[in-house]
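For reference, the chains in residue letters:
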Amino acid sequence: MRRNFALLSLIFILCSCNKNTKQSKEDRYLNASYKTQKSKGILPEHSEEFDSLTNIYSNFKYHISFDAPDHWNTDYGTAKHTIFRGNDPELALTFSIVVVDLKTEQTHPTNAWEFYLKNKKKQDAELKNKVRTQFNSELQNYEATKGYIRNFVSAKHSYDVLVRSTDLEYVNHVINHQIYRGNYIYTVTAQMPKIVYDEQPDYFERLFNLVSFLPNSEQ
């Protein structure tokens with residue numbers, strides 16, 4: 001079980017970057033993604049709900065909900081395990097929720113922050129390597145701290161990444177919270193240009209307060 005979590009603690013880095021990266025070892029450790037189960041028709045009919053008037057998304061399989069600001073554009077994201085993605089075009093902000101489901105009947109007693117502290121060196125090295133290989137860039141201003149989302153302890157990671165395109169270069173600021181709950185690992189990520197973040201950091205930090213965890217009737 002410890003080896004499973006060592007691998008999964010790194011998978012969240014791939015998922016939170018919204019990349020369609022193949023993960024060859026994934027099937028050994030994870031159940032099928034929500035998108036895969038939905039496409040195969042093996043989920044209950046009302047396993048999720050999205051209210052387009054209020055921009056509230058609820059996923060009843062993973063027991064999580066997000067009340068997105070009304071002016072956001074929303075979809076299900078491109079990454080395999082992303083269940084929700086929101087975008088604020090005016091702020092160039094992307095907000096995503098990724099959930100992975102462990103292939104085990106046991107729950108893990110350690111919260112995400114405690115696990116990070118026990119595996120800090122390895123996790124930090126993996127994050128730096130993923131940014132280097134996927135974005136051809138280096139981590140800047142990296143910080144890992146203990147956080148909370150709705151009273152659930154999270155491992156909060158924040159960092160900057162230099163983004164270059166044909167005629168544009170800017171620094172992107174990334175914030176993500178990882179939470180363990182039962183067999184699920186949640187990674188909630190916000191990313192936006194650093195110049196935008198620096199103008200109103202409290203606004204972007206408060207976006208995570210819009211996440212709610214729903215009661216699990218099976219527990």
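Use the structure listed above.
Residues numbered from 1 in each chain as written. Predicted model: local features only at pLDDT ≥ 70, side-chain atom pairs only at ≥ 80, totals over all residues. Heavy atoms only, no water.

## Describing the nonpolar core
(1) Moving on: Counting residues in each nonpolar core, the largest one holds 30 residues, and the members touching the most others are Ile83, Phe95 and Ile97.
(2) Moving on: When residues of this core are traced back to their parent elements, those giving at least two are β3 (64–67), β5 (82–88), β6 (93–101), β9 (169–181), β10 (184–193), α6 (194–199) and β11 (211–213).
(3) Moving on: Of the residues forming this core, the biggest block, five residues, is contributed by β10.
(4) Moving on: In this structure Phe95 touches Phe66, Trp72, Phe84, Arg85, Gly86, Val188, Thr189, Ala190, Leu207, Phe208 and Val211, once residues within four positions along its chain are discounted. (Core = buried A, V, L, I, M, F, W, Y, C linked by side-chain atoms within 4.5 Å. Buried < 20%, exposed > 50% of the residue type's maximum accessible area, 1.4 Å probe, protein only. Helix = DSSP H or I, 4+ residues; strand = E, 2+ residues; numbered from the N terminus. Contact = heavy atoms within 4.5 Å.)

## Describing unusual backbone geometry
Working note: non-glycine residues mostly have negative phi, and peptide bonds are mostly trans.
(1) Moving on: Positioned with a positive phi, Ala92 is a non-glycine residue whose angle comes to about 55°.
(2) Moving on: Despite not being glycine, Asn141 shows a phi value in the positive range, around 55°.
(3) Moving on: By the secondary structure assignment, Asn141 is in strand β7 (residues 140–149).
(4) Moving on: Residue Asn141 is classed as exposed on the basis of its relative accessible area of 55%.

## Describing the pairing of β7
(1) Moving on: Where β7 meets strand β8 (residues 152–164), eight bridges bridge the pair, whose relative direction is antiparallel. Counted as the bridge partner of Ile149 is Phe152 from β8. (Pairing = 2+ DSSP bridges.)

## A word on the sheet that holds β6
(1) Moving on: Ordered by their spatial adjacency, seven strands build an open sheet running β4-β5-β6-β10-β9-β8-β7, and the pairing between neighbours is antiparallel. Two strands in the sheet have a free side with no partner beyond their single neighbour: β4 (73–75) and β7. Strand-to-strand, the axes of this sheet are offset by a mean angle of 15°, without reference to chain direction.
(2) Moving on: Here three bridges tie β4 to β5, and the two strands are oriented antiparallel to one another. Looking across to β5, one finds that Asp75 is bridged to Arg85.
(3) Moving on: Taken strand by strand, helix α5 (residues 120–135) contacts β7 and β8, and its axis lies near 35° from that of β8. (Axes fitted to C-alpha atoms, helices over the stretch in contact; angles between N-to-C directions.)

## Regarding the packing of aromatic side chains
(1) Moving on: Enumeration over the complete set of coordinates arrives at 17 aromatic pairs.
(2) Moving on: Pairing Tyr62 with Tyr184 gives two aromatic rings, centres 5.0 Å apart and planes at 80°, and the pair type is edge-to-face. In this pair, Tyr62 is assigned in the loop between β2 (56–59) and β3 and Tyr184 in strand β10, connecting sequence segments 122 residues apart.
(3) Moving on: For Tyr62, a relative accessible area of 0% corresponds to the buried category.
(4) Moving on: Residue class for Tyr184 comes out buried when judged on its relative accessible area of 15%.
(5) Moving on: Taking 4.8 Å as the distance between ring centres and 55° as the angle between the ring planes, the aromatic pair formed by Phe152 and Phe213 counts as tilted. A residue pair is termed long-range when its members are at least 10 positions apart, and Phe152 in strand β8 and Phe213 in strand β11 qualify at 61 residues.
(6) Moving on: Put simply, the rings of Tyr57, Phe66, Trp72, Tyr76, Phe84, Phe95 and Phe208 pair up and form one aromatic cluster.
(7) Moving on: Here the basic side chain of Lys38 rests over the ring of Tyr76, its NZ or CZ set 4.9 Å away from the ring centre. (Phe/Tyr/Trp six-rings, centres within 6.5 Å; stacked < 30°, edge-to-face > 60°. Lys NZ or Arg CZ within 6 Å of the ring centre and 35° of its normal.)

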